[in-house]
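# Residue-level structure breakdown
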Amino acid sequence: MTDGRAFDEQAIYQITVKGSIDQSWSDWFDGFILTPQAEGTTHLTGPLPDQAALHGLLGRIRDLGLPLLSVRRLERERRSPTSDTRSRRRCQR
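In this report, we go over the structure that sits alongside the text. (Residues numbered from 1 in each chain as written. Predicted model: local features only at pLDDT ≥ 70, side-chain atom pairs only at ≥ 80, totals over all residues. Heavy atoms only, no water.)

### Considerations on the side chain of threonine 42
Spelled out, the test is: Comment: elements are numbered from the N terminus, with helices defined as DSSP H or I runs of at least four residues and strands as E runs of at least two. Pairs of N or O atoms within 3.5 Å make up the polar contacts considered here, provided that, within protein, one atom can donate a hydrogen while the other can accept it, and that residues adjacent in sequence are counted only when both atoms are side-chain atoms. Any two residues having at least one pair of non-hydrogen atoms within 4.5 Å are treated as being in contact.
Its place among the elements puts threonine 42 in strand S3 (residues 41-48). Of the polar contacts made by the side chain of threonine 42, one reaches the backbone oxygen of glycine 19; its length is 2.6 Å. Those residues in contact with threonine 42 that lie beyond four places of it in its chain are Ile15, Thr16, Val17, Gly19, Ser20, Ile21, Leu34, Thr35, Pro36 and Gln37.

Structural data, given as structure tokens:
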């Protein structure tokens, strides 16, 4: 179990809501990229500086009456120096 501090740092989030929202709403959602999906949902993807900002964005979603389907914190891939070297060698061949 973590002490929670790792979640109070900048991270990229993907939030899924029911309903179709076009990119013109991006400013309302802190510049997130809005990607409508075929099944009638929309993915909102972008960086937030901390948990307080996440809660603020979730409040905006609530205020619009959009049903919240999921919230995912997207982790950046951590690579070891060894895997970076192997990956570069494969690309050079």
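After presenting the structure, the write-up continues.
### So, helix H1 (residues 51-63)
Counted only if it meets this: Multiplying 1.5 Å by the helix residue count minus one yields the expected span of that helix.
The end-to-end C-alpha distance of H1 is 18 Å, a good match for the 18 Å that 13 residues give at a rise of 1.5 Å each. Contacts from the buried residues of H1 go to strand S1 (11-18), S3 and strand S4 (68-74). Residue aspartate 50 occupies the N-cap position of H1, its side-chain oxygen lying 3.3 Å from the main-chain nitrogen of alanine 52. One or two steps after H1, the chain reaches glycine 65, where phi turns positive at roughly 75 degrees.

### Some points on the nonpolar core
The tendency in soluble globular proteins is for nonpolar side chains to be buried side by side. Here is the rule: By nonpolar core we mean a set of buried residues, namely Ala, Val, Leu, Ile, Met, Phe, Trp, Tyr and Cys, connected to one another through side-chain atoms within 4.5 Å. The cut-offs for exposure are 20% and 50% of the maximum accessible area for each residue type, with area from a 1.4 Å probe on protein chains only; residues under the lower value are buried, those over the upper are exposed, and the others partly exposed.
Counting 14 residues, the largest nonpolar core has Ile15, Val17, Phe29, Phe32 and Leu44 as its most contacted members. Elements supplying a minimum of two residues to this core: S1, S3 and H1. When residues of this core are assigned to their parent elements, the largest contribution, four residues, is made by S1. Apart from residues no more than four positions distant in its own chain, phenylalanine 32 is found in contact with Tyr13, Ile15, Gln23, Ser26, Leu44, Thr45, Gly46, Pro47, Leu48 and Leu57.

### Concerning the environment of glutamine 10
Its place among the elements puts glutamine 10 in the segment before S1. When near neighbours in sequence (up to four residues on either side) are disregarded, glutamine 10 contacts Pro47, Leu48, Pro49 and Arg73.

That's the geometry; what it means functionally is another story.
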